[in-house]
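Single-letter residue listing:
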Protein chains: 2
Amino acid sequence: MPEQGSVGLVQTQYVTFAEPPNEMPLDCGGRLGPITLAYETYGELNADRSNVVLIVHALSGDAHVAGRHAPDDPKPGWWDAMIGPGKGFDTARYFVICSNVIGGCRGSTGPSSINPATGRPYGLAFPIITIADMVRAQAHLLDHLGIEQLLSVAGGSMGGMQVLEWATQFPERVRSAIVIASSHMSAAQAIAFNAVGRHAVLADPLFRDGDYYAEEGPAKGLSIARMLAHITYLSQQSMHNKFGRALRWADRYSYDFDSEFAVETYLDYQSEQFVNRFDANSYLYITKALDYFDLSVSYGSLGKALARVQASMLVLSYSSDWLYPPCESEQIVQTLTRLEKDVAYCCIESDYGHDAFLLEVDVMEKIIGGFLRNAGEKGRYCAKKPNCACVTRDAVVNRRDNSIYDGRRIDYERIVDLIEDGSRVLDIGCGDGVLLCQLMREKDARGMGIELDQDSIVSCVQCGIPVVQADIDKGLAGLPDQSFDYVILSMTLQVIKRPDIAIREMLRIGRKCIVSFPNFGFWKVRVMTAFWGRAPVTRNLPYPWHESPNRHVLSIKDFRNFCAAHGARILKEIPISSHGRTVHTADFWPNLLADEAVFVIAAAEGRTSAGR
Amino acid sequence: MPEQGSVGLVQTQYVTFAEPPNEMPLDCGGRLGPITLAYETYGELNADRSNVVLIVHALSGDAHVAGRHAPDDPKPGWWDAMIGPGKGFDTARYFVICSNVIGGCRGSTGPSSINPATGRPYGLAFPIITIADMVRAQAHLLDHLGIEQLLSVAGGSMGGMQVLEWATQFPERVRSAIVIASSHMSAAQAIAFNAVGRHAVLADPLFRDGDYYAEEGPAKGLSIARMLAHITYLSQQSMHNKFGRALRWADRYSYDFDSEFAVETYLDYQSEQFVNRFDANSYLYITKALDYFDLSVSYGSLGKALARVQASMLVLSYSSDWLYPPCESEQIVQTLTRLEKDVAYCCIESDYGHDAFLLEVDVMEKIIGGFLRNAGEKGRYCAKKPNCACVTRDAVVNRRDNSIYDGRRIDYERIVDLIEDGSRVLDIGCGDGVLLCQLMREKDARGMGIELDQDSIVSCVQCGIPVVQADIDKGLAGLPDQSFDYVILSMTLQVIKRPDIAIREMLRIGRKCIVSFPNFGFWKVRVMTAFWGRAPVTRNLPYPWHESPNRHVLSIKDFRNFCAAHGARILKEIPISSHGRTVHTADFWPNLLADEAVFVIAAAEGRTSAGR
């Protein structure tokens, strides 16, 4: 009886291909063959073979990603928390495959394998391999299994790089892709750390030019490399929380050079474990593959590489990851967005550093599980799902911290009415996506949201809404001029720091922009100010002055003047009363009678690029 | 003819002390002697020996901090940019001393020195030394030079740790102290990096248990340790800016394990340079001293250690330093502030990482130069300096980004009038310190400021005003209950995110609190709102709605109600007209006639700790 949520007992399987003279060509110019890949599978392949999820592993991972090889195995596979019935990668729905990379030492062909030319282990005669080579070998495995297309390919760290290679090298074979805690290239610092680790291996006299398999290997060198790498997987904060300055064995300093701090003995232990299961030559080859990884090189630029993507993409980073910091994920996301690809992005708050991708299971389960469920549907928006949360929750009061709303959002109906069928729409501050979902459902809009709040982003992804975590106050430089039919900023203008900059960016990006805001010129506001002498509190300005998230107060008249001064043409102006009725009188009266207003604006002629 | 601003040609000098049987006792329980210290001096010692500045160096530094040993030296001393006539440490004013630490290999006694017991180099027979031991040896040097008290002691990184030891071990000998890019203890990550570096040295077969002086030393191990350490001195961003993914020799990958990326060859070069000038045993001893450093251990807690400080303290950190991150400096600063010590703190914006303390010369010159000039005066505030900028600038219009002010600050006069002589005052959002300076000058106040803006902090330090960089919106948890006579928040309430939390913290910290703000109930504001229907723009609310830094609008009436609801007693209420006159009529009218208001409030009885 397997544990709850476990895939139970599993076996590693093997496939061999690229038998001479049909060796697989490599990026370095050499050829490799025969190639054996070690792999495992979990769950059941469905009849039309449309439920396949490929998991790709990081530097020290292997094919054994879930379950146990024997009932008394002390540990399950390396991502068991995420893979199993009911888990993030739900093996009750999906057929999950994971294979050890070429160059590795866990069953796939690598430098410790027998070189057919000599009958001895390859050692340094093994050709240099790249991330792209690893992925090409995985494609052979899929061919062998008779799988044409992946529902999804997912991986963290070096796995994320393989995912990017999959999505660009084999765009037609990938319906969705999940890039976690990764980068589109190894940056200088990451290269530097890998280089120092390799120096440690190469400097070990037992390394013997890589020809050490018959004798004791370069354990000291490899252990130094691993200790160093291990530090980069944690964060300053998580190391401090876990070890602080605690001593391991004693309550006072030993005043010698033995390991005595808990963090030292932990690294000693971790590196010893690693040396026992990992081959030093594989460490050299795989770190070199990492260093060489730069998605832009094969196609000329990151943009040209990602232009090939057909998959819907989910990119996840972690706030405290300093090995592959969020800004690198954000470059991928910005490029995909600019290319109008289907992409969702979240930087998950975590103290765990790079290792967070193995540890932040709760939020990853929600976001990845939601993303995969939508990836499985062709027209994948809520229209297809009558029970989707965002349909049933329409009646629910939706009050968020950064919203000034405390009741039904009467501006939403007006906004939906304004938008033509099939428009491409950007909703800035989209919250949990109610408006976007409605636009997709009723207007067949191609929508995309921008949001800051992590929980809201999870909700959007669960509804299949492409949402990118970004801060409008930091600008939207990634989005090209006039790339959306409509850019919407609903009831958000008053909470952002620099509304003038936001509007300028909106006019640049959107052919038309829709802005709604609470009207500070509303008569109730005026009465409270003028006669009571107090900061106003109304339905649309519900907060006492000291708790208000509203940074700015403006009236319909203010906004009109602002548009005139900032190169915006007003195409439509819809003042709305507190009963939700349009206020029809002209000029002065709307400002007095409207509780809120919806404006449609566009850049004045010749001012399209005014913002740059 | 020396270069402009250079100390010119200098010579290293030597002093020997602790001759047996009077060896110096060490923290480890052993004794060391004789001890030779290599040192250099620059500038002239004045008659009363009151102008001495001691510079203490980091891991790989030495006594040669400025000038050149020979005219054709390719490089000057390691901190030449900061030390010389007219520089941050102005040798036209100060007598600057720097000595190589014990355990080092640059002229002072260390593991490469001859062990008098054997007539051969100490090697690992050298006793383990601590930062405190280094400082005790420096005290012997001062005794030798006949110097009783230091005007200042300053250092970055490990130097900052020595500064902290100086200020706590010899409080009466230190008038001021400058702690730069440092920490009160080595945290887990820093220990981990040092430990890996030592592993690399110890694993080198040429290390021979430290007894390598007659033969080739452990150059490979030491070079790996140095490469690793060097990465921690830079930031991700600075490495990216400097190297990116550039290749050093070719325009395509070499597909082998040689160094090929520019960042690799840079590390190779740097570590080769280092190996040529540094002793591997010294590297072990000094990194171990770093690991052992924890100011709290000797005295029981960080608070008990810093309670001993008599010096005025300047603490500097750098935004991108991840080896000794700003939060560690902030722990020192918060503890000093809690203990009512004289402390100034700035986290300097920089991309350079830990190395910023060697590179951000411009801002350091201003802030350190200003700090030292004030450290030289006994009663050190502007009263003593009729030409101080803050006196002459009273007439100057003072408009800052985070101020709503666009003319003379009429609330300042009222606030000064309210405060009793000799009060301890905290000014939150103190700007460049004009109000604090006036309070110190006219009311003999013991003042302290809190500010976010770096330039304003530099101005404060230049005026001798203790100022700490902190964000009121993140709370003031470091400051104890009722620790100030007055806490002032002048014209700032409306720009902070959560004024309710700020006021709660103020009431907790201050026996009385003074709050001034622009009155949203002012008749001009009401008229603009009520009849023009526009967001108000007045003298005190000078910004158009979309540029306003004001997050909140409130009236006198709002503030009264707020106080009633939040456990604040109103002790005094001073409505001020736009002509600077006090509005005297009661209740309703001040709200209508006052352009701004000054309130004195205190926690209601029994509510002192309400905020916690």
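None of these values were measured; they are calculated from a predicted model.

Novice: Can you tell me about the overall build of chain A, naming the residues and giving the values?
Specialist: Along its length, chain A carries 20 helices and 21 strands. Across the 612 residues of chain A, 63% fall into the buried class. For chain A, the exposed area adds up to about 22,500 Å²; of that, 49% sits on carbon and sulfur atoms.

Novice: Got a sec to walk through the relation of the copies chain B and chain A? Specific residues and values, please.
Specialist: Each copy superposes on the other: chain B lies on chain A with an RMSD of 0.1 Å after a rotation of 180° and an axial shift of 0.0 Å. Seen this way, the second copy is the image of the first under a two-fold rotation axis. The rotation axis passes nearest to the C-alpha of R551(B) in chain B, at a distance of 2.0 Å. Mapped onto chain A, 100% of the interface residues of chain B are again interface residues, and the two copies thus contact each other with one and the same surface.

Novice: Go over the pairing of strand β13 (residues 312–318) of chain A, please, and point to the residues and values.
Specialist: Residue and element names in this part refer to chain A. The buried fraction of β13 amounts to seven of the seven residues, a majority that puts the element mostly inside the structure. Note that strand β12 (residues 176–180) and β13 share five bridges and pair parallel. Note on β13: the bridge partner recorded for A177 is M313. Two elements, β13 and strand β14 (residues 343–348), share six bridges in a ladder whose sense is parallel. Directly across from S317, in β14, lies its bridge partner C347. Handedness of the β13-helix α10 (residues 326–338)-β14 crossover: right-handed.

Novice: Describe a nonpolar patch on the surface, and please don't skip the residues or the numbers.
Specialist: Residues and elements named next belong to chain B. Judged by side-chain polarity, Y352, L358 and L359 come together as a nonpolar surface patch covering roughly 260 Å² of accessible area. With respect to the helices and strands, the residue L359 is situated in helix α11 (residues 356–359). Judged by its relative accessible area of 45%, L359 is partly exposed.

Novice: Break down unusual backbone geometry for me, citing the residues and quoting the values.
Specialist: Across the junction of G33(A) and P34(A), the peptide omega takes the value -5°, indicating a cis bond. Even without being a glycine, D209(B) presents a positive backbone phi close to 55°. Topologically, D209(B) is positioned in the loop between α3 (188–203) and α4 (219–233). For D209(B), a relative accessible area of 64% translates into the label exposed.

Novice: Can you explain the packing of α4(B) against helix α6 (residues 262–277) of chain B? Please cite residues and give values.
Specialist: Residue and element names in this part refer to chain B. At a minimum axis distance of 8 Å, the contact between α4 and α6 shows a crossing angle of 120°. Relative to α6, α4 is oriented oblique. Crossing geometry of α4 relative to α6 is assigned as right-handed. Side by side, α4 and α6 meet where A219, L222, S223, R226, M227, H230 and I231 of the first sit next to Y266, L267, D268, Q270, S271, F274, V275 and R277 of the second. For the contact of α4 with α6, the per-class residue count stands at eight nonpolar, four polar and three charged.

Novice: Could you give me a rundown of the interface of chain B and chain A, with the residues and numbers involved?
Specialist: The interface is formed by 91 residues belonging to chain B together with 91 residues belonging to chain A. Between chain B and chain A, the buried area comes to about 7,500 Å², and carbon and sulfur atoms account for 66% of it. Where chain B meets chain A, there are six salt bridges. Put simply, R245(B) and D294(A) hold a salt bridge, and the shortest N to O gap is 3.1 Å. One can count 24 residue pairs in polar contact (both at pLDDT 80 or more) joining chain B with chain A. Per-element tally for the side of chain B that touches chain A: the top contributor is α3(B), with 12 residues. Class assignment of the residues belonging to the side of chain B that touches chain A gives a composition of 48 nonpolar, 21 polar and 22 charged.

Novice: Requested: an account of the domain arrangement of chain A, with residues and values cited.
Specialist: Residues and elements named next belong to chain A. On domain assignment, one finds that chain A holds domain 1 (1–148), domain 2 (152–185 + 293–377), domain 3 (186–292) and domain 4 (379–611). If you average the C-alpha positions of domain 1 and of domain 3, the two centres end up 25 Å apart. Counting the surface lost from both domain 1 and domain 3, the interface buries some 1,700 Å², and carbon and sulfur atoms represent 69% of this. The three residues of domain 1 that bury the most area against domain 3 are L59, S60 and L124, which together make up 36% of that side's buried surface. As a salt-bridge pair, D211 and R120 come within 3.0 Å of each other at their nearest N and O atoms. Connecting domain 1 to domain 3 are seven residue pairs in polar contact (both at pLDDT 80 or more). Elements that contribute at least two residues to the side of domain 1 that touches domain 3 include exactly β10 (120–121) and α1 (131–145). Its residues placed into classes, the side of domain 1 that touches domain 3 shows 13 nonpolar, six polar and two charged.

Novice: Describe the environment of F89(A), naming the residues involved and giving the relevant values.
Specialist: Residues and elements named next belong to chain A. You can see F89 is positioned in strand β7 (residues 89–90). Remark: the alpha-carbon pair of F89 and G369, spanning 280 residues in sequence, is separated by 6.4 Å. The contacts of F89, once residues within four sequence positions are left out, are V53, I55, W79, M82, I83, G84, Y94, A154, I178, I368 and L372.

Novice: Could you give me a rundown of the pairing of strand β15 (residues 424–428) of chain B, with the residues and numbers involved?
Specialist: Residues and elements named next belong to chain B. The element β15 is largely enclosed, with a buried count of five among its five residues. Residues R424, L426 and I428 point to one face of β15 and V425 and D427 to the other, with burial holding for every one of them. With five bridges connecting them, β15 and strand β16 (residues 446–451) associate as parallel partners. Within β16, the residue paired with V425 across the bridge is G447. Note that the unit made of β15, helix α15 (residues 434–443) and β16 has a crossover that is right-handed. For β15 and strand β18 (residues 484–490), the ladder comprises three bridges, and the chain directions are parallel.

Novice: Before we move on, could you go through the confidence of the model for chain A and cite the residues and values that matter?
Specialist: All names here are of chain A. Put simply, chain A has an average pLDDT of 89, and 88% of its residues get 70 or more. Low pLDDT, under 50, characterises residues 391–407; the stretch is placed with 39 contacts to residues that sit more than four places away or in other chains. Overall, residues 608–612 carries pLDDT values under 50, and its contacts beyond four positions in sequence, including any with other chains, amount to eight contacts. In the predicted assembly, ipTM is 0.92 and pTM is 0.93.

Each value, and the rule that gives it
Residues numbered from 1 in each chain as written. Chains lettered and ligands numbered in written order. Predicted model: local features only at pLDDT ≥ 70, side-chain atom pairs only at ≥ 80, totals over all residues. Heavy atoms only, no water. Helix = DSSP H or I, 4+ residues; strand = E, 2+ residues; numbered from the N terminus. Buried < 20%, exposed > 50% of the residue type's maximum accessible area, 1.4 Å probe, protein only. Areas by Shrake-Rupley, 256 points an atom, 1.4 Å probe, with all protein chains shown as cover. Least-squares fit on C-alpha atoms with pLDDT ≥ 70 in both. Contact = heavy atoms within 4.5 Å. Pairing = 2+ DSSP bridges. Right-handed = clockwise from strand over helix to strand, strands pointing away. Patch = residues over 30% accessible without salt bridge, like charges linked within 9 Å, V, L, I, M, F, W, Y side chains within 5 Å. Salt bridge = Lys/Arg side-chain N within 4 Å of Asp/Glu carboxyl O. Axes fitted to C-alpha atoms, helices over the stretch in contact; angles between N-to-C directions. Parallel < 35°, antiparallel > 145°, perpendicular 65-115°, else oblique. Left-handed = near helix turned anticlockwise from the far one by under 90°. Nonpolar A, V, L, I, M, F, W, Y, C, P; charged D, E, K, R; others polar. Buried area = accessible area lost by both parts, 1.4 Å probe. Polar contact = N/O pair within 3.5 Å; in protein donor to acceptor, adjacent residues only side chain to side chain. Domains from an automatic or database assignment. pLDDT = per-residue confidence, 0-100.

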